[in-house]
Amino acid sequence: MRQTIETRPFADQQPGTSGLRKKVPHFRQPHYVENFVQSIFDSLEGFEGKTLVVGGDGRYFNAETIQTVLKMAAAAGFGRAVVGRGGVLSTPAASALIRALGAFGGIVLSASHNPGGPDGDFGVKYNVGNGGPAPEKITDAIAARTKTIARYHIWQAPDVDLARLGETALGPLTVEIVDPVTNYQRLMEQLFDFAAIRALFAGGFTMRFDAMSAVTGPYAKAILEGALGAAPGTVINAEPLPDFGGHHPDPNLVHARHLYDLAMSKNAPDLCAASDGDGDRNLVIGRDMFVTPSDSLAILAANAHVAPGYAKGIAGVARSMPTSAAADRVAAKLGVGCYETPTGWKFFGNLLDAGLVTICGEESAGTGSSHVREKDGLWAVLLWLNILAVRRQSVADIVREHWATYGRNFYSRHDYEEVDAAGANALMTALRERLPQLKNQRFGALTIREADDFAYHDPVDGSDSKKQGVRLMFEDGSRIVYRLSGTGTAGATLRIYIERYEPDAARHAIDTQAALADLVALSRDIAGVERHTGRAAPSVVT
Ligand code: G1P
Ligand code: ZN
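In this text the structure is predicted, and so the values were computed from the model without any measurement.

Conventions used here
Residues numbered from 1 in each chain as written. Chains lettered and ligands numbered in written order. Predicted model: local features only at pLDDT ≥ 70, side-chain atom pairs only at ≥ 80, totals over all residues. Heavy atoms only, no water. Helix = DSSP H or I, 4+ residues; strand = E, 2+ residues; numbered from the N terminus. Rg over C-alpha atoms; globule rule 2.2 N^0.38 Å. Buried < 20%, exposed > 50% of the residue type's maximum accessible area, 1.4 Å probe, protein only. Contact = heavy atoms within 4.5 Å. Areas by Shrake-Rupley, 256 points an atom, 1.4 Å probe, with all protein chains shown as cover. Lys, Arg positive; Asp, Glu negative; His and termini not counted. Charge placed at Lys NZ, Arg CZ, Asp CG, Glu CD. Near = heavy atom within 4 Å. Polar contact = N/O pair within 3.5 Å; in protein donor to acceptor, adjacent residues only side chain to side chain. Nonpolar A, V, L, I, M, F, W, Y, C, P; charged D, E, K, R; others polar. 1 Å grid on protein atoms, 1.4 Å probe; cavity = no way out; pocket = protein on both sides within 12 Å on 5 of 7 lines; lining within 4 Å. Points joined across faces, edges and corners; volume = space filled by probe spheres on them. Pairing = 2+ DSSP bridges. Donors = N, O, S within 2.8 Å, 3.2 Å for Na, K, Ca; no water. Core = buried A, V, L, I, M, F, W, Y, C linked by side-chain atoms within 4.5 Å.

Enquirer: How would you explain the overall build of the chain if you had to name every residue and give the values?
Expert: From N to C terminus, the chain includes 17 helices and 27 strands. In terms of overall size, the chain behaves like a compact globule, its C-alpha atoms giving a radius of gyration of 23 Å where 542 residues would be expected to give roughly 24 Å. Relative to its full complement of 542 residues, the chain shows a buried share of 58%. Nonlocal contacts in the chain, meaning residues at least 24 apart in sequence, comprise 72% of its contacts between residues at least 6 apart. Accessible surface, the chain: about 20,000 Å² in total, of which carbon and sulfur atoms supply 50%. Of the charged side chains in the chain, 54 are positive and 60 negative; the average position of the first set lies 2 Å away from that of the second.

As structure tokens, then:
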């Protein structure tokens, strides 16, 4: 039976670039989830009788929220809900499923790489029919709705058994529980040369994939160990846990340090890789060679044509502004388009839909292509495997060859996490005010050629995004970028991105932090990081 419940708005339900993200106890407030879900439905039109894809990264509170979403979808008038078994779908698999089914949209429950558990993070995001995150027009409407909402509708019915494959009725809604891997695996089989990768593994190639007790485990097991014949045990931490085993499911050099240490050790496998909580990020480390996400994007773009799904070549490359310019050099050499977008995957959607780009990525370990409208961790690993299977070189050799051809973009990101928000905002404001003076200013051997606050004009829908980050561009091509994180859930996070281009191959073996030391010091001085944040050093360096 359809029930209407009276409610009152919450003041803090404006979705950010990754949907609504808060701590679990916050989400647990009575009516909190329902208000947000109803605000989503109230902001959409024409979904009556249509299909909604529903799934999440399996974190704490996932299953309960799925039941709420299903009962509200029934009350709202959706015709069918397609749900990953156990309520689980990786973010890229959800995107793939929305596209494959021609669904109206999807609700994806995730807080990505943030920790889970009863006191961890949770998130709700709405994706549109192209499989990608809702555009600003819709998220703005959702935000507005959350401020006026006075009632929501929910179907009173027992919980759906999420473990049983097949169809059940939830009032007027048909709920179909599907295997979360099947559709995604089929798509990967179309894009990549599975026979060649199978032959690579059969020839003794070794790999370690850390699913970080998060959503990618079942996908990686089925594809790497199942379809591709990687040795059993290749995938570690393969069982998704609601609290990710108490770990931080972020595949970076801090939280996946053991993988880095393994890759640098005597017993290193040929390839180490990992993905994050919801499966959209990736980490790739060869034996003795960490591949920065920015380099990975460039190398994947330069070599994608070896995979069947990209055999005709790529239409173009897009990267987020703070991502290094390594990919730009590849695009220039290939003679294809190159786009610099604000941070956040949603900006790639229009470019992909319009066929302007095929491959896109961010320095934050997100890489993807036109096959879905989210970044895709396992996809990136499979493309690497396909390239390794065809080129028959080590990861390190491929990377070094790439640098020799294009030059090396030394790159590092310094994060100051959970700093006082007022201090962080003051730092950014002060920088913005000083932009005109910073231009042409000299600091020892370094001179700033251009200083601006990045603005983006979307070539497809004509929209403008302003104030996307302060850029200091130096005469030698080096760059310092400052921006505040839009995804943190406590205080503010200041991110400083530092980059230096080095054409001289004789200098490519230098340690990254050493190669960037002068710029790093300068980045702190110019912005007065310690004065504004009280921090003398970053919390995370990647
Ligand atoms: C971070 C990353 C960004 C990514 C986003 C969602 O956002 O930096 O590249 O798109 O997570 O995964 P930020 O916290 O910097 O706003
Ligand atoms: Zn993620």
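Still to come is the rest of the account.
Enquirer: Can you explain the site of ligand 1? Please cite residues and give values.
Expert: For ligand 1, the set of nearby residues contains 14 residues, the closest of which are S364, S485, G486, T487 and R495. Contact between ligand 1 and E362: an oxygen atom at 2.6 Å from a side-chain N or O atom of the residue. S364 has a polar side-chain atom sitting 2.6 Å from an oxygen atom of ligand 1. Considered on its own, ligand 1 offers 380 Å² of accessible surface; in the complex 95% of this is hidden by protein. For the shell around ligand 1, the class distribution of residues is no nonpolar, seven polar and seven charged.

Enquirer: Account for the environment of S478, with residues named and values stated.
Expert: Along the polypeptide, S478 turns up in the loop between β24 (470–474) and β25 (479–484). If we skip the residues at most four places from it in the chain, S478 touches L472, M473, E499, R500 and L519. A polar side-chain atom of S478 sits 2.9 Å from a polar atom in the side chain of D476.

Enquirer: Any chance you could break down the layout of surface pockets for me, citing the residues and the numbers?
Expert: Reported here for the second largest pocket is a volume of approximately 530 Å³. Lining of the second largest pocket is provided by 23 residues; of these, Y260, F290, R408, D511 and T512 occupy positions nearest its centre. Contributions of two or more residues to the lining of the second largest pocket are made by α9 (257–263), β14 (289–290), α14 (395–406), β19 (408–419) and α16 (512–527). The biggest single contributor to the lining of the second largest pocket is α14, with three residues. Partitioning the lining of the second largest pocket into residue classes produces twelve nonpolar, five polar and six charged.

Enquirer: Break down the sheet that holds β24 for me, with residues and values.
Expert: Here we have seven strands laid out as an open sheet, ordered β20-β21-β24-β25-β26-β19-β27, and antiparallel in their pairing. Strand pairing shows two members of the sheet lacking a second neighbour, β20 (442–443) and β27 (540–541), which therefore form its edges. Pairing of β24 with β25 involves four bridges; the strand directions are antiparallel. In the sheet register, L472 faces β25, and the bridge partner there is I480.

Enquirer: Account for the coordination of the zinc ion (ligand 2), naming residues and giving values.
Expert: Coordination of the zinc ion (ligand 2) by the protein comes from S112 (OG), D276 (OD), D278 (OD) and D280 (OD), over a distance range of 2.0 to 2.1 Å. Each donor residue of the zinc ion (ligand 2) belongs to the same chain, and together they define the spacing S-x163-D-x1-D-x1-D. Taken together, the residues span a long stretch of sequence, with S112 in the loop between β5 (105–109) and β6 (121–128) and D276 in the loop between β12 (271–275) and β13 (282–286) at a distance of 164 residues. Comparing S112 with D276 shows no difference in burial state: the two are buried.

Enquirer: Help me get a handle on helix α2 (residues 32–42), residues and values and all.
Expert: In terms of burial, α2 is a largely internal element, ten of the eleven residues being buried. Among the residues of α2, those classed as buried are Y32, V33, E34, N35, F36, V37, Q38, S39, I40 and F41.

Enquirer: Describe the nonpolar core, and please don't skip the residues or the numbers.
Expert: The nonpolar side chains of a soluble globular protein tend to be buried with one another. With 77 residues, the main nonpolar core has F192, W379 and L385 as its most contacted residues. Among the elements that make up this core, the one with the highest residue count is helix α13 (residues 377–391) (eleven residues). Apart from the residues lying within four places of it in its own chain, the contact partners of F192 are I197, A307, P308, Y310, W379, L382, L383 and N386.

Enquirer: Before we move on, can you summarise the pairing of β5 with the specific residues and values?
Expert: Among the five residues that make up β5, five are buried, leaving the element largely enclosed by the rest of the structure. Neither face of β5 is left uncovered, since the one carrying G105, I107 and L109 and the one carrying G106 and V108 both have all their residues buried. In terms of strand pairing, strand β3 (residues 51–56) meets β5 through five bridges, oriented parallel. Following the sheet pairing, G55 is matched in β5 by V108.

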